[in-house]
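Here are the chains, one letter per residue:
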Amino acid sequence: MSSDTKTAASYEEGLRGASDKVAEFHEPKSALKRLQHWLHMTPSAVPMIVLIAAIIIFGLKEENFFRAVTLSTILQQLVIVGILGCAQSLVVLTAGIDLSVGAIAVFSSVLMGQFTFRYGIPAPLSIGLGLAAGTAMGFANGWLVARVKLPPFIVTLGTWQIILAANYIYSANETIRSSEIAAEAPALQFWGYSIQPGGVKILYAVFLMIALVALLAYVLRHTAWGRHVYAVGDDPEAAELAGVRTRRVLIQVYALAGLFCAIAGWVMIGRFGSVSPSASTGQLGNIQSITAVVIGGISLFGGRGSIVGMFFGALIVGVFEMGLKMVGTDPQWTFFLIGMLIIIAVAVDQWIRKASA
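Just so we're clear, the structure is a prediction, and the values are computed from it rather than from any experiment.

Caption draft 1: Quick look at the packing of aromatic side chains. Taken as a whole, this structure holds ten aromatic pairs when the rule is applied. With a centroid separation of 6.3 Å and an interplanar angle of 70°, the aromatic rings of Phe65 and Phe66 are classed as edge-to-face. The class of Phe65 is buried, set by a relative accessible area of 0%. In this structure Phe66 comes out as partly exposed when scored by relative accessible area, which is 48%. Plain terms: the ring middles of Phe190 and Trp191 are 4.8 Å apart, the flat faces sit at 80° to each other, and that makes the pair edge-to-face. Through a chain of ring-to-ring contacts, three or more aromatic side chains come together here, namely Phe190, Trp191, Tyr193, Tyr204 and Trp266.

Here it is in structure tokens:
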């Protein structure tokens, strides 16, 4: 016993004055590596840089580009895409994709209009029912993906066709005119109203879009649910082992995406004035929202990106469309440049992902 005590004392004496530092390994990083790491930590940086560069270039080419009216017009034109982009971003962050966002938006707007004019339901209640219907359509997508384990691409490709067909069948392809809505159900057109500070028209829908982007950005970055969304997209098996209820999160994400699509449908009525089952958003909304998401730096592989980046991506598309139109360029160059941006954005995403490998 005394021998053990003596050994312990000798051991403690031997440690006196010894360094308490642990082994450290420093790998010198090149400027390119540091840039790659910074872009990985700040996914909205690339679209922000592209957006600023595009604004400066078009501003130098066309002096009227910097007018408040021009910038207001760009924001008005992208409100629907921006809100659909919020829906698409949530799904893509979980490594999924939703091809039905445009169809849900159009069908939700048709339901709001038909509930009011076919059944005589008060407009505010019709709006609530339309929002609930959009949420239910998103929930169906999420249930098929999470519970039945079907690929998101296949599920939403199928529901896109089903919802569009239901939209035409239910409405009998009947358009509700703007004058009728303004006279009998002005609440349906609420997001088409505007304020005009300094003579510049700004739709209420612009403030709604910015508020939704800000709210989602906060939820995804500063709440446990937001971190769970990123975890499910990054590695669902690891998230499951960590206690995240991945199937529940997936269903919630798709249901919330459906709600945002229904909100976009309500905005469509205000933006266009009428309720039309053949609105182009039903066919193009999914492509436009995916474009904003990809250019905005959200990884199609899930788990990386930000809603703010998506907003920058939508702005980039709007700036390119307006800028090229103002300088008198062939409109086809818009599609050419946006296509190039999509390919470059995916290539940059692949390069940035190597920083986390």
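Caption draft 2: Structural detail: helix 4 (residues 68-77). Considered for burial, the residues of helix 4 that qualify are Thr70, Ser72, Ile74 and Gln76. Lining the buried residues of helix 4 we find helix 5 (79-93), strand 2 (202-203), helix 10 (204-222), helix 13 (246-272) and helix 15 (307-326).

Caption draft 3: Main features of unusual backbone geometry. Here the phi dihedral of Lys149 falls at roughly 65°; this positive angle occurs in a residue that is not glycine. Along the chain, Lys149 falls in the loop between helix 7 (123-146) and helix 8 (152-171). Even without a glycine there, the phi angle at Asn173 is positive, about 55°. Its place among the elements puts Asn173 in the loop between helix 8 and helix 9 (178-184). By relative accessible area, which is 46% here, Asn173 ends up partly exposed.

Caption draft 4: The nonpolar core, seen in detail. Core analysis: the biggest nonpolar cluster contains 92 residues, and Ile83, Leu188, Phe260, Val267 and Met310 have the highest contact counts within it. A total of 15 residues in this core trace back to one element, the largest contributor, which is helix 13. When neighbours within four sequence positions are excluded, Met310 is seen to be in contact with Gly82, Gly85, Cys86, Ser89, Val213, Ala292, Val293, Gly296 and Ile298. One finds Leu99, Ile290, Val294 and Ala345 within the second-largest nonpolar core, a separate group that totals five residues.

Caption draft 5: Broad picture of a nonpolar patch on the surface. The grouping of Met48, Ile49, Ile52, Ile56 and Leu60 at the surface amounts to a nonpolar patch, some 480 Å² of accessible area in total. Within the secondary structure, Ile49 sits in helix 3 (residues 45-61). Owing to a relative accessible area of 47%, Ile49 belongs among the partly exposed residues under this scheme.

Reading the values: the criteria
Residues numbered from 1 in each chain as written. Predicted model: local features only at pLDDT ≥ 70, side-chain atom pairs only at ≥ 80, totals over all residues. Heavy atoms only, no water. Phe/Tyr/Trp six-rings, centres within 6.5 Å; stacked < 30°, edge-to-face > 60°. Buried < 20%, exposed > 50% of the residue type's maximum accessible area, 1.4 Å probe, protein only. Helix = DSSP H or I, 4+ residues; strand = E, 2+ residues; numbered from the N terminus. Contact = heavy atoms within 4.5 Å. Core = buried A, V, L, I, M, F, W, Y, C linked by side-chain atoms within 4.5 Å. Patch = residues over 30% accessible without salt bridge, like charges linked within 9 Å, V, L, I, M, F, W, Y side chains within 5 Å. Areas by Shrake-Rupley, 256 points an atom, 1.4 Å probe, with all protein chains shown as cover. Salt bridge = Lys/Arg side-chain N within 4 Å of Asp/Glu carboxyl O.

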